[in-house]
Amino acid sequence: MDGAIKAVLGPTNTGKTHLAIERMVAHSSGAMGFPLRLLAREVYDRVRAIKGDKDVALITGEERIEPPGARYLCCTVEAMPRSANERAFLALDEAQLSADRERGHVFTDRLLHARGREETMLLGAATLEPLVKALVPNVEIVTRPRFSILKHVGPRKLSRLPPRSAVVAFSAEAVYAVAEMLRRFRGGAAVVMGALSPETRNRQVALFQSGEVDYIVATDAIGMGLNLDVNHVAFAGLTKFDGVRQRRLEPAEMAQIAGRAGRHQRDGTFGTLSGWNGRGEDPEFAEEEVYAIEEHRFAPLTHLYWREAEPRFDSLAVLINDLEAAPRDPVLRAAPEAIDLATLKRLAEEPLAEAIRTPGDVRRFWEVCSLPDFRQRGLDVHARFVARLWEDLREGHIGADFAAARIAELDNPAGDIDTLQGRIAAIRSWAYICQRPDWVLARDEMAARARGVEARLSDALHARLKERFVNRRTSLLMKSLGREADLLPIAVAPDGSVQVEDEGIGELRGFRFVVDRAAGHAEGKMLLAAAEKALPRLLGARAEALAAARLEGVRLERGALLWDGEELGRVSFAPGTLNPRVTLARAVLQVPQPARGTLEAAIDRWIAGRLQALAPLATLIAASRDPAAGSEARALLLALIAGNGVATREAAGIVRLPQATRPFLRQIGVNFGALDVFAPALLKPAPRQALVDLGLDRRPFEPAMPPVIDARRPLPAGYRLAGSQAIRVDLAEKILRAAHERRVGAQQGKRRRRFPLDLALSTSIGLTPGNALRLLNQAGFRAQRARPLVGGAFGPPRPDMWDWRPQNGSPARVAARPPEGGAFAALADMVR
């Protein structure tokens, strides 16, 4: 063709691809061939944004987006159609791959024969220059310098690896090992390998590009045109298996990978990764290799691989002979036997080859043998798959139902990384099959199904890789190192969890930070260190919020202030006083001032509010300090205070109490009962609860009368024992008062001592008859059972008769004395 042919050569980061895109969109039509499907997709999106969806097509082995009349084609080199030569502009990217053992013959064919009507661009490394001059007459050579400087910085340990680094390894095992170490110590890494699907690689690259992780671990696939924001490239090794032997990388290969460091005007560095495998076999660059990489000076290529691109299809033997023919040009070398040719030769010896005789069948059989070995499981497995595919295609097309069933079998996103990789490789084979124009019925529908399954499997694989190799919270914290405490992205959620952005690192229980239990030892230390830097700010805000909410959610339990399951402090009282002293817990003492002072003031106000229920006790304490009360009254008050408002008549020293002091005591709320002296105001649930909560009463609190008393537990506060039950002392006094009133009423004007007594009141209060009898016995009441009616007698049964027999001696006689007032007043006068 008469169109100009230009070879744009130079190292990485010279803007060659960007230049070709600009030239293509300046023409009326164009096509570009790329070494990777993801590069073709990236450029497709860029050109589509300029020219619109209808004018741009994407053609790869597994995906075809071809709007009718599309003027611009973005293709993989293998899928580039012959019709690309009809375009005004044509470009071949990474043309130096013509020297690759596996794919070189395809690139060489495009280099020799792919031409645009008006302009052709060959993009590649400078090492290609002498061979381009020898093979392409009238070519214009344009060399472009690198935009930034690439500098060697020597070996780096994993812990010293700078952010925005790429680590390059040459086996899946090494990639996984380095990624796992980065997850543990630096928060994680993206993973890029040739075995991943293009969608998964794109998602992993996006994970790195977005800044969610600062590291990417890859095989040498990273050197194939991936545009990454990498500042440093670290080589985990300098040898690789090239399909034939384990060998050291060539300096040009090293430069292709190291050149990923630096973008546009930003300089980059490269070096090796040391101490990561624990074997002391750290790779090292030779001085001449460093010089060649930094100065971009490499030995030129001496040959390119070639294979006949248009073989004859007269027979299988003729086809194989043409594909194995030697090139005539001295700078070309016969390509090593690729998987497609090996499969053809293997199946040509099988019985199925006997029926392949016509040129049409031979051509179609060669197309089937050209199916890429996506699964990478070796020649035998791939040849069997191709043979089965040929059996299905020999009679025509593969049925849509059969293809749909095979695709559906692979539509399963469950499984580990290796399982998903196997399914993706299998579905890529079916995506390739369904893209062929004459292989599958309902081609467009089946191709769409295959792409959908591949997308779902790729999403699942990306998620598994992220779960295994990315610890987002560690990554976020590593980025926060060196920041001021106020700038750390650490906050407390409403549920108390401490988060770095949306990732939890632990929780605040009260004012105590607890590291996430799922974190390992090393990670836990880092999480704790990060949290401690932000804790003063977090605790201060938490204390002020709690104070502003008036200690909502705080409760008292036996003198302990509890909030969020943790102890804020303890309340204590000096003996015989209601002056509280709050001792803050160690965690609360970490709250900085002035927030801690605000919280302490709020706690004092809160406790003062709880003490209001103990105003009757405060009255008793104040009276016990009044000299005018007299020593006997003060002694009784001290007994009441010690019993928190209840004392037996014996403990209160009622025998020694002068009658003149009783009005004073009644005036401050003291009642004199048959068995106990008590302050009724302190027997109500609110003060009883307050006494127990504040730790002033160690006995259990019972808001209602318990049905049965557990002998192993202390008697509830404010209760006395009545057989197997406990009864509050004021209710016990009510029963005893009713018994004395009945006795006095029955004996007035009569000389009898016995009287009937109804136990309905005690039953309504909750005492069983037996326990009511025991309570009355404590006050001196004795029951005499009535004899039953004689046989044959009629009428109501005789009632039980009671009498009251106080114990001998003054204390018993006084203890049996009923309270003053009402009918008890007459009895009191009689006793006096």
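In this text, all values refer to a predicted model and were calculated from it rather than measured experimentally.

Engineer: Please explain the nonpolar core as it appears in this structure.
Structural biologist: Side chains that are nonpolar tend, in soluble globular proteins, to be buried together. With 73 residues, the main nonpolar core has Leu-273, Leu-344, Phe-365, Trp-430 and Ile-433 as its most contacted residues. Ranked by the residues each element gives to this core, the list is headed by helix α14 (residues 417-435), at 11 residues. Residues contacting Trp-430, with those up to four places away along its chain left out, are Phe-385, Ile-398, Phe-402, Ala-403, Arg-406, Ile-407, Leu-410 and Ala-450. One finds Val-554, Leu-636, Ile-641 and Leu-657 within the second-largest nonpolar core, a separate group that totals 62 residues.

Engineer: I'm lost on the sheet that holds strand β26 (residues 566-573) in this one. Help?
Structural biologist: Strands in a sheet are paired, the pairing made by backbone hydrogen bonds, and the direction either parallel or antiparallel. Strand order across the open sheet formed by 4 strands is β24-β25-β26-β27, with antiparallel pairing between neighbours. The open sheet has two free edges, formed respectively by β24 (555-557) and β27 (580-584), since each of these has just one partner strand. On average, each strand axis in the sheet is tilted by 30 degrees relative to the strand beside it, whichever way the strands run.

Engineer: Just to check I follow, could you spell out the sheet that holds strand β28 (residues 646-648) for this structure?
Structural biologist: Spatially, 3 strands are ordered β28-β30-β29 in an open sheet, and the strand pairing comes out antiparallel. The open sheet has two edge strands, β28 and β29 (671-672), and neither has a second partner. Two elements, β29 and strand β30 (residues 676-678), share 2 bridges in a ladder whose sense is antiparallel. Its bridge partner being in β30, Phe-672 is matched across the sheet by Val-677.

Engineer: Would you mind going over the packing of helix α9 (residues 316-323) against helix α10 (residues 339-348) with me for this structure?
Structural biologist: Helices that pack against each other are described as a pair by the angle of their axes relative to one another and the distance between those axes. Axis separation between α9 and α10 bottoms out at 11 Å; the angle between their running directions is 150 degrees. Comparing the axis directions of α9 and α10 gives the class roughly antiparallel. Where α9 crosses over α10, the two elements pack in a sense that is left-handed. Between α9 and α10, the residues in contact are Leu-316, Leu-319, Ile-320 and Leu-323 and Leu-341, Leu-344, Lys-345 and Ala-348, respectively. Taken together, the residues of the contact of α9 with α10 sort by class into 7 nonpolar, no polar and 1 charged.

Engineer: Help me understand the packing of aromatic side chains, please; the structure alone is not making it clear to me.
Structural biologist: Centre distance and the angle of the planes are the two values used to describe a pair of aromatic rings. Throughout the structure, instances matching the rule amount to 7 aromatic pairs. Geometrically, the ring pair formed by Tyr-176 and Phe-469 is stacked, given 5.5 Å between the ring centres and 20 degrees between the ring planes. Of this pair, Tyr-176 sits in helix α5 (residues 172-186) while Phe-469 sits in helix α15 (residues 443-469), and the two are 293 residues apart along the sequence. For the pair Tyr-176 and Phe-469, a shared accessibility class is recorded, and that class is buried. Geometrically, the ring pair formed by Phe-235 and Phe-285 is edge-to-face, given 5.2 Å between the ring centres and 90 degrees between the ring planes. Of this pair, Phe-235 sits in strand β14 (residues 232-235) while Phe-285 is found in the loop between β17 (268-274) and α8 (287-295), placing the two residues 50 residues apart along the sequence. Pair check on accessibility: Phe-235 and Phe-285 agree, each one buried.

Engineer: Please clarify how the pattern of salt bridges should be interpreted in this entry.
Structural biologist: Note on pairing: side chains with opposite charge can pair once their charged atoms come close. In this structure the tally under the stated criterion is 42 salt bridges. For Asp-45, the salt bridge identified is with Arg-41, shortest N-O distance 3.7 Å. Highlighted residues: Asp-45 and Arg-41, both in helix α2 (residues 37-51), separated by 4 residues, approximately one helical turn. Classification of Asp-45 by relative accessible area gives partly exposed; the value is 31%. Between Arg-436 and Glu-367 there is a salt bridge whose closest N-O contact spans 3.3 Å. Remark: Glu-367 occurs in helix α11 (residues 359-369) and Arg-436 occurs in the loop between α14 and α15; sequence separation between them is 69 residues. On the basis of relative accessibility, which here comes to 22%, the residue Arg-436 falls in the partly exposed class. The partly exposed category is assigned to Glu-367, whose relative accessible area is 24%. Through salt bridges with shared partners, a single network forms among Arg-37, Arg-41, Asp-45, Arg-48, Asp-53, Glu-62, Glu-63, Glu-199, Arg-428 and Glu-454.

Engineer: Quick question: what am I supposed to make of the side chain of Ser-98 here?
Structural biologist: With respect to the helices, strands and loops of the structure, Ser-98 is situated in the loop between β6 (89-92) and α3 (104-113). At a separation of 3.4 Å, a polar atom in the side chain of Ser-98 contacts the main-chain amide nitrogen of Thr-108. Apart from residues no more than four positions distant in its own chain, Ser-98 is found in contact with Gly-104, Phe-107, Thr-108, Leu-111, Leu-304 and Tyr-305.

Reading the values: rules and limits
- Residues numbered from 1 in each chain as written.
- Predicted model: local features only at pLDDT ≥ 70, side-chain atom pairs only at ≥ 80, totals over all residues.
- Heavy atoms only, no water.
- Core = buried A, V, L, I, M, F, W, Y, C linked by side-chain atoms within 4.5 Å.
- Buried < 20%, exposed > 50% of the residue type's maximum accessible area, 1.4 Å probe, protein only.
- Helix = DSSP H or I, 4+ residues; strand = E, 2+ residues; numbered from the N terminus.
- Contact = heavy atoms within 4.5 Å.
- Pairing = 2+ DSSP bridges.
- Axes fitted to C-alpha atoms, helices over the stretch in contact; angles between N-to-C directions.
- Parallel < 35°, antiparallel > 145°, perpendicular 65-115°, else oblique.
- Left-handed = near helix turned anticlockwise from the far one by under 90°.
- Nonpolar A, V, L, I, M, F, W, Y, C, P; charged D, E, K, R; others polar.
- Phe/Tyr/Trp six-rings, centres within 6.5 Å; stacked < 30°, edge-to-face > 60°.
- Salt bridge = Lys/Arg side-chain N within 4 Å of Asp/Glu carboxyl O.
- Polar contact = N/O pair within 3.5 Å; in protein donor to acceptor, adjacent residues only side chain to side chain.

Purely spatial values, then, with no claim about function.
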